[in-house]
Structure formats: C-alpha cells, structure tokens
Amino acid sequence: MNKVSIKDIESNIGFEIENQLLRDSIESSNLIYDNIKDKDYEDYILNYIKVLSNDLVRAGKDRSIQWEDGWLENFQLFQKSGQFTDLIPKYHTKNNIAKINGKIVKTHSEYFDYYLNSFFVDSILLKYTDQYEKIFDFGCGTGYHLFRLERYNPSKQYFGLDWTKASQSIIDSYSKHQNKTNIKGINFNYFDPDYSINIKDSLIYTVASLEQIGENHDKFIDFILEKKPGLCINFEPIEEVLDEDNLIDYLTIKYFNKRNYLKNYLTKLQSLEKEGKAEILTVKRLNYGSKFI
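Residues numbered from 1 in each chain as written. Predicted model: local features only at pLDDT ≥ 70, side-chain atom pairs only at ≥ 80, totals over all residues. Heavy atoms only, no water.

**Description of the state of the cysteines**
Thought 1: All told, the structure shown has zero disulfides when counted by the stated rule.
Thought 2: The thiol sulfur of Cys140 is not disulfide-bonded, and the nearest other cysteine sulfur, from Cys232, lies at 15 Å.
Thought 3: Taking the relative accessible area as the measure of exposure, Cys140 reaches 2% and is therefore buried.
Thought 4: Overall, Cys232 belongs to the partly exposed group, its relative accessible area being 30%. (Disulfide = S-S within 2.5 Å. Buried < 20%, exposed > 50% of the residue type's maximum accessible area, 1.4 Å probe, protein only.)

The following block contains the structure:
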C-alpha cells in the first residue's frame with residue numbers, strides 16, 4: 001500500500017508548500033491507496049467504455065434546479081449536524097478509484113477524493129492569498145473550498161458566488177455557526193453575470209465550476225475582462241492539455257464531451273493573450289483526479 005505524501009503534491013505543483021498547517025494536514029491525512037493493475041485495470045477500462053456507451057447527464061444552464069436541490073440537501077444536513085463533512089459534495093464519495101502521479105489507484109481512505117483534491121487546491125491558492133485582501137470563489141457550491149481557505153488565512157475577506165440560493169444559505173449558516181464576519185455569499189450566474197459585483201484587483205478562482213458551462217464561457221470571460229481582477233486561477237477539466245494518443249486521456253476527452261464539460265476555454269484565453277487582452281501566467285496539468293477525470 002502507498003500513502004499520499006507532501007512530496008506527491010509538491011512534485012506535481014512544482015514548488016514547496018510553505019504553509020505549516022497545510023503540511024501538517026497532508027502528513028496526518030493518512031490517504032492510503034494501491035496502484036491497480038492486471039485484471040483490476042482491465043475492469044476499470046471496460047467500465048469506462050461501458051459508461052461512455054450510455055446516456056450521461058449533460059452539464060448546462062438547464063441543470064440549475066438539480067444543483068439547487070443538491071446543495072439544499074447539504075444545507076439541511078449541516079443545519080442538523082454542524083459538521084464540516086456534511087458540506088462535502090457527495091460526488092467526492094461515489095467511487096474508490098482515483099488518479100495520482102498519473103496512475104490509476106484504488107483508494108482505502110474515507111473522503112480520499114475530497115482530501116486529495118483539497119490538498120492541491122489549497123497548496124496553490126495559499127501561494128497567492130497573502131497578496132490580496134479580497135478573495136472570490138466563483139461557483140462555490142457549498143463553500144467548502146472557501147471555508148478551508150479562510151481557516152488558513154482569517155485576516156482576508158472571502159466571497160462565495162453561486163447561482164443557487166442554497167449556496168448563500170449555507171454560507172450564512174456556516175458564518176453564524178463559526179462566528180465569522182469575513183465570509184459572504186453572493187448570487188452569481190455564469191450565464192448572466194452581475195456587473196455590479198466589484199472584483200477589481202482581487203484574487204478570484206474556480207474549482208470544477210466552469211466545468212458546468214460547456215462552450216458558453218464568453219459572457220464570464222467578458223465579465224472578467226471588464227472587472228479586472230488581480231489574478232484568476234482555474235482548477236478545471238481542460239481538454240487542451242490532454243493527449244489523444246494516450247488511452248486514459250482519450251477516454252477522458254470522450255467523457256468531457258459526453259458530459260458537455262468546459263470546452264475551448266484555454267483556446268479562447270490564448271487567443272485573447274495574442275490580442276493583448278489577457279496574460280496567461282501558467283498552464284499546468286496536475287497529475288491527479290477522480291475516476292473519470
């Protein structure tokens with residue numbers, strides 16, 4: 001068996017994690033896994049192909065009701081328990097297959113997918129949060145990334161933006177439960193951006209939320225161009241960084257398309273950079289993921 005280490009995270013992000021609290025969290029997480037091989041690998045590939053042959057739920061603007069219902073369920077659970085784990089989206093617990101260091105693995109730890117994802121997200125965001133007074137999480141859902149980030153750096157102002165009303169209810173409930181005054185929920189729709197929101201010179205980020213808008217990212221990009229944040233970080237499924245000549249990458253691209261996930265976003269940003277309208281600081285593939293991504 002193997003255990004996720006700080007080295008696993010640092011070798012993929014390309015820099016040393018300086019935050020001691022995060023280092024301690026990674027060290028104590030006890031995320032255990034085995035590399036899958038032989039028959040298990042064949043079963044994984046076969047299952048992937050079978051999934052791709054079926055009709056899959058497609059992302060898009062018509063799914064707002066489903067997301068409202070999903071976050072409302074988390075809100076009701078949190079209202080009863082007050083436990084952070086009830087804010088973790090249920091898609092993080094659906095499978096015991098993940099990817100790390102470019103390998104497919106079978107996991108043996110509760111919430112493995114969630115914790116692995118959070119270590120990558122936190123390590124990168126924490127590299128930049130000291131430079132900004134205001135931090136905006138677009139498509140924040142239950143706010144779980146935002147709440148973790150605030151724990152590491154409670155001196156900043158945090159804003160969670162989402163198109164569901166349940167999201168703002170969760171953030172309000174969490175803030176009251178934790179006696180926080182520096183976390184606020186804001187209603188925001190990628191398909192119809194609210195230009196009254198001021199993000200100028202702030203840090204903004206997305207984590208698998210632009211994923212849900214397919215090719216309809218022009219309105220959000222126009223919003224960003226006009227509102228001029230200081231830095232934008234996207235943790236998203238980006239087809240352009242995958243290799244069609246690699247079996248797993250090929251299947252993943254097919255999965256992206258089947259689900260109508262984010263498409264041509266990086267290509268659009270690259271065209272804007274050529275026009276002098278945007279600057280891309282880095283594009284990096286992080287060699288970890290969930291069962292299908």
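**Overview of unusual backbone geometry**
Thought 1: Positive phi is not limited to glycine here, since Asp38 has a value of about 50°.
Thought 2: Relative to the helices and strands, Asp38 is located in helix α3 (residues 38–52). (Helix = DSSP H or I, 4+ residues; strand = E, 2+ residues; numbered from the N terminus.)

**What about the packing of helix α1 (residues 6–13) against helix α2 (residues 20–28)?**
Thought 1: Two elements in contact, α1 and α2, have axes separated by 9 Å at closest approach and are oriented at 120°. One finds that α1 runs oblique with respect to α2. Facing Ile6, Ile9 and Glu10 of α1, the residues of α2 in contact are Arg23, Ile26 and Glu27.
Thought 2: When the residues that make up the contact of α1 with α2 are grouped by side-chain class, the tally is three nonpolar, no polar and three charged. (Axes fitted to C-alpha atoms, helices over the stretch in contact; angles between N-to-C directions. Parallel < 35°, antiparallel > 145°, perpendicular 65-115°, else oblique. Contact = heavy atoms within 4.5 Å. Nonpolar A, V, L, I, M, F, W, Y, C, P; charged D, E, K, R; others polar.)

**Side note on the pairing of strand β9 (residues 231–235)**
Every regular strand shows the same layout, with side chains that alternate between the two sheet faces.
Thought 1: Side chains Leu231, Ile233 and Phe235 project from β9 onto a buried face, and the interleaved Cys232 and Asn234 project onto a face without burial.
Thought 2: The pairing of strand β8 (residues 203–207) with β9 spans five bridges and is classified as parallel. Bridging across to β9, Val207 finds its partner in Phe235.
Thought 3: The parallel pair β8 and β9 is bridged by helix α8 (residues 218–227), and the resulting crossover is right-handed. (Pairing = 2+ DSSP bridges. Right-handed = clockwise from strand over helix to strand, strands pointing away.)

**Quick look at the nonpolar core**
Thought 1: Of all hydrophobic cores here, the largest spans 51 residues; its most connected members are Val4, Ile9, Ile13, Leu116, Phe147, Tyr205 and Ile233.
Thought 2: Broken down by element, the residue count for this core peaks at eight residues, all from helix α5 (residues 112–125).
Thought 3: Leaving out residues up to four positions away in the same chain, Ile9 has contacts with Val4, Ile17, Ile26, Leu116, Phe119, Phe120 and Ser123.
Thought 4: In terms of nonpolar packing, the next biggest core, distinct from the first, is built from 23 residues, Phe138, Ile186, Ile204 and Leu262 among them. (Core = buried A, V, L, I, M, F, W, Y, C linked by side-chain atoms within 4.5 Å.)

**Details of the sheet that holds strand β5 (residues 134–138)**
Thought 1: As summarised here, the arrangement of the five strands in space is β7-β6-β5-β8-β9, forming an open sheet in which the pairing is parallel. Both edges of this open sheet fall to β7 (183–187) and β9, since each of them pairs with a single strand only. The mean angle between the axes of side-by-side strands here comes to 20°, regardless of whether they run parallel or antiparallel.
Thought 2: With four bridges joining them, β5 and β8 adopt parallel strand pairing. Counted as the bridge partner of Phe136 is Ile204 from β8.

**Digging into the pairing of strand β6 (residues 157–162)**
Thought 1: Most of β6 sits out of view: five of its six residues are buried.
Thought 2: In this sheet, β6 lies alongside β5 in parallel orientation, the contact comprising five bridges. When the bridges of β6 are listed, Ile135 appears paired with Tyr158.
Thought 3: Looking at chain direction, β6 and β7 are connected through five bridges and run parallel. Bridge assignment links Phe159 to a residue of β7, and that residue is Lys184.
Thought 4: For the crossover that starts at β6, traverses helix α7 (residues 165–177) and ends in the parallel β7, the hand is right-handed.

**Digging into the pattern of salt bridges**
Side chains that differ in charge, positive against negative, can pair when their charged atoms come close.
Thought 1: Overall, the coordinates contain 10 salt bridges when judged by the stated rule.
Thought 2: In this structure, Lys156 engages Glu133 in a salt bridge whose closest nitrogen and oxygen atoms are separated by 3.3 Å. Pair noted here: Lys156 is in the loop between α6 (144–152) and β6 and Glu133 is in the loop between α5 and β5, with a separation of 23 residues, a long-range link.
Thought 3: Exposure remark for Glu133: the relative accessible area of 52% places this residue in the exposed category. (Salt bridge = Lys/Arg side-chain N within 4 Å of Asp/Glu carboxyl O.)

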